[in-house]
Amino acid sequence: MRDTATGDAAWREYFGFPEPYENQADAVERAIEAGKARGFLAMEGPCGTGKTMAALTAGAHLVRDTDLYDRIVVVTPVKQQLQQFVDDLRTLNAGVDEPFDGIALVGKRDLCPYGREGKFPADASTHERCDDLREATARLVEDDGKSSGAAAVAEAAVGGDPDDEDQWWDPRKAQDLTAAARPDATAQTTIGDDTLSSGGADSPYRPSQPTAPESMAEGDDPPLYCPFEADWYARNKGSPVGFDAGPNNVVTTADYYPAAVERGTCPHRAMSTMLQGADVVIGNYNHLFDPGSRPLLAGILDENTFVVVDEAHRLEERVRDLLSDRLGRQTIKQARNDCELLVQRARQSADHKRQVREVLSAREIPLEAVDGAREFYDDLLGWLDDRVESFLDAEHEGWRARPERLPERDREIPLRDPDTVEVDELTEWAEREGYDGKLWRTLPQVGAAVEDAVDQLGLTRQPVCAAVGVLAAQWWERDHSTFLREIELEHSPAENRQVDADYEAVYTPGLLCYNCMPATALREVFDELGGGVLMSATLEPLDVFTRVSGLDALAEGGGGSSGNVSGDDGSGSDDPTEGERVVRTTTYDLPFPPENRASYLVDVRPFTARNRGNPEAMEPLGEEWNATRDEYAHALRALARSPGNVLIAMPNYREARWAGAYLDGAVDKPVLVDESSSNEETERRKQAFFRGEGKVLVTSARGTLTEGVDYDGAKLSTCAVVGVPLVNIGSPRVRAVQRAYGDAFGEDNAFEYALTVPAVRRARQAIGRVIRGTDEVGVRAFVGGRYAPDARHSVSPYLPAGVREEFTRMTPDFLADQLSAFWRGRR
């Protein structure tokens, strides 16, 4: 069916429910219009808009009823939202004659039977061990008569797909490997008792990792291999699992993992094979934006792909992290030792030197280049230690005698002035020492040659120098405007870990190349795709979002602002000039009954570091207690006394401790104080908040409990955000981002784009936790003068018009009476 219907009738065939919500039909049609124009829609729609089904419906229509798209790719940073897309796609499929084949993706670590069952050595990561087994298996299944060489084997081992026109593997060899991994056919064996079980399924293989049969191995030391991987080759890279394994043709890990294990095939290979034929692929941000993960989707990220980017307000922050590279000290040390191993072998004898030179010559790398890389890495380690120690000497006198007294938090050591574009200290040191660009640029090739040599010479080692060489070359090549170079000290106290320097007892050091400006990379990613939707409950101001996300530059065909970015009316050119793409925007208001919610703007003096004092010295009504604290205490007390569960979001965890201590004696309900902790501890605290009678939970507005948590039903009745939750503006990274944004978007916009807008979105995410359904009742409050429209440095302009209209401005003196009146009216 192609272009046989238009408008409402066409997409309703795919809509999964009897009738759309308010605004949902409009959202579907706007997404379709943008998709047909080969463009993008940036959409703000709060809870209740039905964004997930709207996006899937629009994509389904574009895939089935036009010649523009072959598939939909969905990415979301939230596991809960990934499941929502799975559920909605299954609902959509239940109502169509020909269901859309869908698959949800997870990482390799979750899909390796040996890794999941703890069969790998404790000192080996699942990812690294899996790659080693894949490479060994690929070599074992090579067809002697049709081999395409080591390059094809290596490509296949890491998950790529070399040109299969001349098939380089032998399925019969692969079958022999799977047979060799099964229990002895002559023994009394039982599947499940004598075989590896994982994910609720019993595999056909022995629990331990098998070694290659002597007849297939070269030399006296048969390598370990993966029979699950071998089975994939035995099936000619096919999957024994189909989309019918999941409800309504949508498969998740719970569906394809046990099915693949039971049939003896690698679950990750089964997933990778299925996704190539899927109509809808659902994954996380890494699959689309991380250069290391994108190869999994090779072949389906093109102009025939309609993309849905969920929770798009997180795009800048998450992609910035994905595009920032960290090179740890221990990894540099390993790279040094990789080179040292080869150099030392060459020094053992003339015969060994000849062997080493021969294997290196295959990549045209002389032994002297390996020795030069070894020397560079060794000197780099010395420089890194000296720089960290000089920093700690300046900051913490006497730390060497008592390193355990160093601050228990991560530290940043910027290697240039974050406010100025200049060469970093490490690069300057390298040039002084004679390590110029020629050496840095050759490190990837040297590393790859060393890894080949280690493998071919049969040396017992898992080298890392190829990857280290790539990151080192990028350190040299990348510009100093977009990237900030730092030393990052991760707080990681050593227990049984061996350390080389005193400070490593407390910190794990690394070189960080921090991406300050993700917009360029985002534009390039979006430009490869046919069109799509970027959506969130908090995208406003949309003109800022389209600029920082790279959409503006895409609309203009390169950089800068664009006239093709349209406003809320959905207008905009459907016929852009060559190289330009259509970008549209729209915003929807909260659709639930306004009488079910009270929204207050509590006008108190701005909560700043200058006027609030030290929270740890603030005993109620004590000597240090000041007028600012008194105003906020008054407001918090009134809000915390609201019936049911109350969430108080303070600017940071330090202030959360103060608020929790104060409220503990001011209200007659339990007060829980959140802190920066493990996911498990945070989950326990959240569940304690949900259980029993009403409580107060005090947290940081930048914590994990204010975003992505579903406080549905009676789990939350009131949420207050205190102050504007800005990040630490003194952080070198934050300063570097602000400076980079000033270059890209103008100095007048730098602070607004880099800091204020993300902070306001954080605040809106928090208060958005309260009302999650039509029948839910609750209170939302912004506590702080900067939310007022006439305040100095007001953030009111960054709130959507509908939000500004709903919030009633008042002082703390009137808040308690207003709250009481609201709750009386709900009883």
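Presented here is a report on the structure given in the accompanying data block. All values reported here derive from a predicted model rather than from experimental measurement. (Residues numbered from 1 in each chain as written. Predicted model: local features only at pLDDT ≥ 70, side-chain atom pairs only at ≥ 80, totals over all residues. Heavy atoms only, no water.)

## Examining the packing of aromatic side chains
Going through the model one piece at a time under the given rule, you end up with 28 aromatic pairs. Ring centres of Trp168 and Trp169 lie 5.7 Å apart, and the angle between their planes is 80°; on these two criteria the pair is classed as edge-to-face. Neither residue differs from the other here; Trp168 and Trp169 are each classed as buried. Relative to Tyr662, the ring of Trp658 lies with its centre 6.2 Å away and its plane at 10°, an arrangement referred to as stacked. Of this pair, Trp658 and Tyr662 both sit in helix H25 (residues 653–664), four residues apart, which is roughly one turn of that helix. Linked through ring pairs, Phe376, Tyr377, Trp383, Trp429, Tyr435, Trp440 and Trp476 together constitute an aromatic cluster. (Phe/Tyr/Trp six-rings, centres within 6.5 Å; stacked < 30°, edge-to-face > 60°. Buried < 20%, exposed > 50% of the residue type's maximum accessible area, 1.4 Å probe, protein only. Helix = DSSP H or I, 4+ residues; strand = E, 2+ residues; numbered from the N terminus.)

## So, the pattern of salt bridges
Taken as a whole and judged by the stated rule, the model has 57 salt bridges. In this structure, Lys108 engages Asp131 in a salt bridge whose closest nitrogen and oxygen atoms are separated by 2.8 Å. With a gap of 23 residues between them, Lys108 in the loop between strand S3 (102–104) and helix H5 (113–116) and Asp131 in helix H6 (residues 126–140) connect regions that are remote in the sequence. The partner of Arg762 in a salt bridge is Glu317, and the shortest N-O contact between them spans 3.9 Å. In this pair, Arg762 sits in helix H28 (residues 747–767) while Glu317 sits in helix H13 (residues 315–322), placing the two residues 445 residues apart along the sequence. We classify Arg762 as buried; its relative accessible area is 15%. (Salt bridge = Lys/Arg side-chain N within 4 Å of Asp/Glu carboxyl O.)

## Some thoughts on the side chain of Asn93
Among the secondary structure elements, Asn93 is positioned in helix H4 (residues 79–94). By relative accessible area, Asn93 is classed as buried at 4%. Of note is the side chain of Asn93, whose polar atom sits 2.7 Å from the backbone oxygen of Asn248. Here Asn93 is in contact with Pro99, Phe100, Asn248, Asn249 and Val250, once residues within four sequence places are set aside. (Polar contact = N/O pair within 3.5 Å; in protein donor to acceptor, adjacent residues only side chain to side chain. Contact = heavy atoms within 4.5 Å.)

## Topic: the pairing of strand S12 (residues 507–515)
One face of the sheet, then the other: side chains in a regular strand alternate in exactly this way. For S12, the tally of buried residues reaches eight of nine residues, placing the bulk of the element in the interior. Pairing between strand S9 (residues 325–328) and S12: four bridges, direction antiparallel. By the bridge assignment for S12, Asp325 is matched with Cys513. Taken together, the nine bridges between strand S11 (residues 483–491) and S12 define a ladder with antiparallel strand orientation. When the sheet's bridge partners are listed, Leu484 is paired in S12 with Tyr514. (Pairing = 2+ DSSP bridges.)

## Observations concerning helix H2 (residues 24–36)
Compared with the 18 Å implied by 1.5 Å per residue over 13 residues, the 18 Å span of H2 between its first and last C-alpha is a close match. Taken residue by residue, H2 has Gln24, Ala25, Ala27, Val28, Arg30, Ala31, Ile32, Ala34 and Gly35 as its buried positions. Phi for Arg38, located one or two positions after H2, is positive at around 55°. (Expected span 1.5 Å × (residues − 1).)

## Observations concerning the packing of helix H14 (residues 329–348) against helix H15 (residues 350–361)
Interaxial distance between H14 and H15 falls to 6 Å at its minimum, and their mutual angle equals 135°. The orientation of H14 relative to H15 falls into the category oblique. Packed against H14, whose contacting residues are Leu342, Arg345, Ala346 and Gln348, the element H15 presents His352, Lys353, Gln355, Val356 and Leu360 at the interface. Looking at the contact of H14 with H15 residue by residue, the classes come out as four nonpolar, three polar and two charged. (Axes fitted to C-alpha atoms, helices over the stretch in contact; angles between N-to-C directions. Parallel < 35°, antiparallel > 145°, perpendicular 65-115°, else oblique. Nonpolar A, V, L, I, M, F, W, Y, C, P; charged D, E, K, R; others polar.)

## Quick notes on a negative patch on the surface
Residues Glu422, Glu428, Glu431 and Asp436 make up a contiguous surface patch of negative charge. Locating Asp436 in the fold gives a position in the loop between helix H17 (425–432) and helix H18 (437–456). (Patch = residues over 30% accessible without salt bridge, like charges linked within 9 Å, V, L, I, M, F, W, Y side chains within 5 Å. Areas by Shrake-Rupley, 256 points an atom, 1.4 Å probe, with all protein chains shown as cover. Lys, Arg positive; Asp, Glu negative; His and termini not counted. Charge placed at Lys NZ, Arg CZ, Asp CG, Glu CD.)

## Points about the packing of helix H24 (residues 627–640) against H25
H25 packs onto H24 with a crossing angle of 65° between their chain directions and a minimal axis gap of 10 Å. The interaxial crossing formed by H24 with H25 has right-handed handedness. Contact with H24, carried on its side by Arg629, Ala633, Leu636, Arg637 and Ala640, involves Glu655, Trp658, Ala659, Tyr662 and Leu663 of H25 and no other residues of that element. For the contact of H24 with H25, the residue count by class is seven nonpolar, no polar and three charged. (Left-handed = near helix turned anticlockwise from the far one by under 90°.)

## Some details on the pairing of strand S14 (residues 583–587)
With five of its five residues buried, S14 lies for the most part within the structure. Here S14 shows no split at all, with Val583, Thr585 and Thr587 on one side and Arg584 and Thr586 on the other all buried.

## A few points about the side chain of Arg64
Inspection of the secondary structure assignment puts Arg64 in helix H3 (residues 51–65). Relative accessible area serves as the criterion here: at 17%, Arg64 is assigned to the buried category. Looking at Arg64, its side chain comes within polar contact range of the main-chain oxygen of Pro99, at 3.4 Å.

## Overview of the sheet that holds strand S20 (residues 778–783)
Judged by pairing direction, the sheet is parallel, and its seven strands sit side by side in the order S17-S18-S16-S19-S20-S15-S21 without closing on themselves. In this open sheet, the two edge strands, each paired with only one partner strand, are strand S17 (671–673) and strand S21 (808–810). When the angles between neighbouring strand axes are averaged without regard to direction, this sheet yields 20°. One ladder, built from five bridges, connects strand S19 (residues 718–722) with S20; its direction is parallel. Across the sheet, Val721 pairs through a bridge with Phe782, a residue of S20. Along the sheet face, helix H26 (residues 679–690) touches strand S16 (646–650), S17 and strand S18 (696–700) and points at about 165° away from the line of S17.

## Some points on the sheet that holds S11
The antiparallel open sheet is built from four strands, whose spatial order is S9-S12-S11-S10. Sheet topology places S9 and strand S10 (411–414) at the edges, where each strand pairs with a single neighbour. Looking at each pair of strands side by side, their axes are set apart by 30° on average, direction ignored. Docked against the sheet, H14 engages S9 and S12, running at close to 65° with respect to S9.

## A closer look at the environment of Val673
Mapped onto the fold, Val673 is located in strand S17. Taking C-alpha positions, Val673 is 8.4 Å from Val696, a pair spaced 23 residues apart along the chain. In this structure Val673 touches Ala656, Arg657, Gly660, Arg685 and Val698, once residues within four positions along its chain are discounted.

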